[in-house]
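A structural walkthrough
Spelled out from the first residue to the last, the chains are:
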Amino acid sequence: MFTEQDNEQIDKAFEPLRLASLKRCANQEEYETVLRAFEFARKAHDGIRRRSGEPYILHPIAVARVVVQEIGLGYKSIVTALLHDIVEDTDYTTEDISRLFGPKIASLVEGLTKIKSTLDAKHSEGKGKVSTGNENNLYNFSNTLSESDLQQKSMQAENFKRILLTLNDDVRVILIKLADRLHNLRTIDSMPARKMDKILSETMYIFIPLALRLGLYSIKSEMENIWLKYKEPESYVSINKQISGLLLSKGCDIDNFIIPLEALLNTAGYTFTISKRVKTPYSIWRKMTSKNITFDQIYDLFAIRIVFESKPDKSERMQCWDIYSLISEDYPSKLDRLRDWVSNPKSNGYEALHCTLMSPQGNWVEVQIRSVRMNDIAEKGVAAHWYYKGIGKSDSDMDKWLNRIKEVLQNPNTNALEFLDQFHAGLVSSEIFVFTPKGRSVRMTKGATALDFAYEIHSEIGNKAIAAKVNLKLVSLSYVLRNGDQVEIITAESQRPKREWLNFAVTSKAKNYIYMALKSDIKNAMKEGQSTLKKKLNELGVKLQSRVINKLDTYYNLNNREELYTKIGTGLIDLSDLDSVLKKNSATKFVKFWKLQFFNSDKNKGNEIPAHSIDIGKDYLLTENSLNKTLSYKIAECCNPIPGDPITGFIGDNGQVIIHKRSCPVAMKLGSNEGSKIINAKWTKHTVLSFLASIELKGIDRIGIVNDITKYITLALSVNIRKIFFETHDGIFSGYLELYVHNTEDLELLMKRIQKINGVKSVIRGDIKENEK
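Worth saying up front: this structure is predicted, and the values here are computed from it rather than measured. (Residues numbered from 1 in each chain as written. Predicted model: local features only at pLDDT ≥ 70, side-chain atom pairs only at ≥ 80, totals over all residues. Heavy atoms only, no water.)

1. Some words on the overall build of the protein
- Within the protein, the regular secondary structure consists of 29 helices and 22 strands.
- Sorting the 773 residues of the protein into buried and exposed places 53% on the buried side.
- Residue pairs in contact within the protein that sit at least 24 positions apart in sequence constitute 70% of those at least 6 positions apart. (Helix = DSSP H or I, 4+ residues; strand = E, 2+ residues; numbered from the N terminus. Buried < 20%, exposed > 50% of the residue type's maximum accessible area, 1.4 Å probe, protein only. Contact = heavy atoms within 4.5 Å.)

2. Details of helix α20 (residues 450-457)
- Within α20, six of the eight residues are buried, leaving the element largely enclosed by the surrounding structure.
- Within the sequence span of α20, burial applies to Ala450, Leu451, Asp452, Phe453, Ala454 and Tyr455.

3. Things to note about the confidence of the model for the protein
- Here the protein averages 78 in pLDDT, and 77% of its residues register 70 or above.
- Of all the helices and strands in the protein, strand β13 (residues 613-615) carries the lowest mean pLDDT, 30, while α20 carries the highest, 94.
- For residues 586-594, every residue scores under 50 in pLDDT, and the model assigns this stretch 32 contacts once sequence neighbours within four places are set aside.
- Contacts for the low-pLDDT stretch residues 600-630, under 50 throughout, to residues beyond four places or in other chains number 66 contacts. (pLDDT = per-residue confidence, 0-100.)

4. A word on the pairing of strand β16 (residues 647-651)
- Most of β16 is tucked away: five of the five residues are buried.
- Every second residue of β16 is oriented toward a common face, with Ile647, Gly649 and Ile651 on one face and Thr648 and Phe650 on the other, all of them buried.
- Inspection of the sheet shows β16 paired to strand β17 (residues 657-661) by five bridges, in the antiparallel sense. Of the residues in β17, the one forming a bridge with Ile647 is Lys661. (Pairing = 2+ DSSP bridges.)

5. Some thoughts on the nonpolar core
- One finds Leu82, Leu83, Ile97, Ile304, Ile327, Val367 and Ile369 to be the most contacted residues of the largest nonpolar core, which totals 101 residues.
- Setting aside chain neighbours within four positions, we find Leu83 in contact with Ala37, Phe40, Ala41, Ile97, Phe101, Ile105 and Val109.
- Listed in part, the 42 residues of the second largest apolar core include Ala510, Ile522, Ile568 and Leu582. (Core = buried A, V, L, I, M, F, W, Y, C linked by side-chain atoms within 4.5 Å.)

6. Digging into the packing of aromatic side chains
- For the structure on display, the rule yields 14 aromatic pairs.
- An aromatic cluster is present here, built from Phe40, Tyr92 and Phe101 joined pairwise through their rings.
- Directly above the ring of Tyr270 sits Lys311, whose terminal nitrogen or CZ lies 4.0 Å from the centroid.
- Seen from the ring of Trp364, Lys334 lies directly overhead, with NZ or CZ sitting 5.3 Å from the centre. (Phe/Tyr/Trp six-rings, centres within 6.5 Å; stacked < 30°, edge-to-face > 60°. Lys NZ or Arg CZ within 6 Å of the ring centre and 35° of its normal.)

7. So, the side chain of Lys220
- In this fold, Lys220 is placed in helix α12 (residues 217-231).
- Assessed through its relative accessible area of 16%, Lys220 is described here as buried.

8. So, the sheet that holds strand β20 (residues 721-729)
- With respect to topology, four strands assemble into an open sheet ordered β20-β21-β19-β22, the strand pairing being antiparallel. In this open sheet, the two strands that pair with only one neighbour each are β20 and β22 (760-765). Strand after strand, the sheet turns through a mean of 15° between neighbouring axes, direction not considered.
- Inspection of the sheet shows strand β19 (residues 691-700) paired to β22 by five bridges, in the antiparallel sense. When the sheet's bridge partners are listed, Gly699 is paired in β22 with Val760.
- Sheet strands touched by helix α29 (residues 744-755): β19, β21 (732-741) and β22. Its angle to β22, the strand with the most contacts, is close to 165°. (Axes fitted to C-alpha atoms, helices over the stretch in contact; angles between N-to-C directions.)

9. Observations concerning the packing of helix α10 (residues 172-186) against helix α11 (residues 193-213)
- α11 packs onto α10 with a crossing angle of 140° between their chain directions and a minimal axis gap of 11 Å. Classified by the interaxial angle, the pair formed by α10 and α11 is oblique. In this structure, α10 crosses over α11, and the sense of that crossing is left-handed. The segment α10 lies against α11, with Ile174, Lys177, Leu178, Arg181 and Leu185 engaging Ile199, Leu200, Glu202, Thr203, Phe207, Leu210 and Ala211. (Parallel < 35°, antiparallel > 145°, perpendicular 65-115°, else oblique. Left-handed = near helix turned anticlockwise from the far one by under 90°.)

10. A short note on the environment of Tyr217
- Its location among the elements puts Tyr217 in helix α12.
- A sequence separation of 162 residues divides Tyr217 from Glu379, and the C-alpha atoms of the two residues are 6.1 Å apart.

11. Quick word on the sheet that holds strand β1 (residues 272-278)
- Across the sheet, five strands lie side by side as β1-β2-β5-β4-β3; this open sheet has mixed pairing. Whereas interior strands pair on both sides, the edge strands pair on one side only; in this sheet they are β1 and β3 (339-340).
- Where strand β2 (residues 302-308) meets strand β5 (residues 364-371), seven bridges bridge the pair, whose relative direction is parallel. Along β5, the bridge assignment pairs Phe308 with Ser371.
- Here helix α16 (residues 372-380) sits on the sheet in contact with β2 and β5, set at roughly 105° to β5.

12. Examining the pattern of salt bridges
- All chains considered together, the criterion is met by 22 salt bridges.
- For the salt bridge of Lys231 with Asp197, the shortest nitrogen-to-oxygen distance reads 3.1 Å. Of this pair, Lys231 sits in helix α12 while Asp197 sits in helix α11; the two residues are 34 residues apart in sequence, bridging distant segments of the chain.
- Judged by its relative accessible area of 1%, Lys231 is buried.
- Linking Arg662 and Asp197 is a salt bridge whose minimum nitrogen-to-oxygen distance equals 2.5 Å. Of the two residues, Arg662 sits in the loop between β17 and α27 (665-673) while Asp197 sits in helix α11, which places them 465 residues apart along the sequence. For the pair Arg662 and Asp197, one class covers both residues: buried. (Salt bridge = Lys/Arg side-chain N within 4 Å of Asp/Glu carboxyl O.)

Here is the structure:
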């Protein structure tokens, strides 16, 4: 039973939801249903507490508030959110929910219960395979050496596929699940470290792209910032500190930039609001890491948003362009940053006109122009999209995307593993528009080829395609399409899909049809490739082991052993240089080894527990000695963590622990698919040890600058240099150094000091370059 203080806390938490429901419900009956659901959930969860110690009922209340206030769903979704954990966590059944609240709400609750059970099951199943390369499983067919590993991994992917099947029934299930995940992230502090890693990995790999695709931008941004806070805590703190400083120094400049715009729009007779914002910490971090730039080098940190009430006598599109004309008269516009999502909305329904203007103070400022309707869709995504559906297009791109997902899900031949990877790729891909010979526009994934276009038009056109005409010029099927291309496909009745098409097909639709046509051929090629590799290894006296496969996958830039076998079997990989490939040393080895401590943690008890036995999934019961002595580990070559980087480990199929940066994309996928293999790791103290790192430099060239840099590093800082490369062009030099440091603190100190050398303008951490053969 809850205490009086608990009940006061519950009533206080429910009051904002009650008021929001009162506004959202269409009539008294709907409102009373919400109240009944709250009282029912309160009774069902009576006495139950979350890991943080607070009453459990506060979680469903918080989820319901997200559902109504941030997504904009109606009373059935509010009721479902309040009841979503009852069937899973109490003695009540779906039949009870149906009897008390009707079959539709019972169906929604059942869908959420299946998702919860599936996500929990994903991380309590048996042994799965861990790899260290890029994870786009294009060749995941069974009947290989690792049959049991593939079965378990396929089962986890199949579980996720079942989650997406709820899109077939009612997309509200996914929307409520996103609200549930958001609140779990807001309270993630109370979770143990291993479960935290699992949740963050799932969130980045699936739920954040899904929120983006469904148009839930504010939820997506909050999830990203929470992810950054726990995966890259030092970067999160540093970026927030710099944002605060920027607002203090330049916030008034943006206010002064807005004042003339308000006057122009008032004069033109618009009713509007203007708000200002700064890029989110995550978007800044991502730009810094993806483009290898510093915080100071990001020029579009500020943005303002103009939201106007559309006038009835003119289209919203024309009014957006009118406003752009007004505000760009006095402020120079950066034309290559002009984005017209009014004429061609994104597939998630997003509409806006984006431009970048130069302020009088010399700052580039992004300006987003939206109508009230566009803003509602941008803020509340798919829910607002359907609310306004009668106003806009009857067959929108959002509906088309949902229908494509349903088609793939309903295809019995769809392999669960390839579906998961292709679904993820589809979520995060950018888009272009191309045209048919008759002028019909077709939305395609950026990077798509003429072959992808053929399959987008019709499967039979794709299967029989032999070439294409792009802008009236003859091109091959592998031609990468560009925005605005006009495409005609040339076919032949005798043509059949070919294995090499898989090397350049991009869209999941094209790959699915090619796989269906080639499935038996690929299986035969895999068996032949496996046999060929085994024979070649025997000649060299080497056994076919996971360590060898991982090395070959890394060298040939492959995703898994299935792709390796297939490409060997089809002759796409020549094994004549196999001996030299196996002898090739990695550039990421330690000079001397650091030690790693593997541990479990319990945040409730406030301390780490290097327990005498730690349960790592069902198949691993590791003693304290085995964690720190018996288990070997290797550094993942995809992200090359060095001491001081936040890290996490994954137990491989050979029992070896693979160490990744916590923010590594490969680690995100592994954590999402194989959460039971996560093992927490941290660097321990060391003696005189060194680790290979790389820094990239840019600056103004002058005589002797390279000598100054190298002398300062070796003499003043006593650091050994492994490799050096510099080049100069038009008075600007750039280059990189590979050197041995002890940890991230030493590396950051070294970079700060080099930055002070006359002529050096930029020093950032880079990636280790590949060794020469």
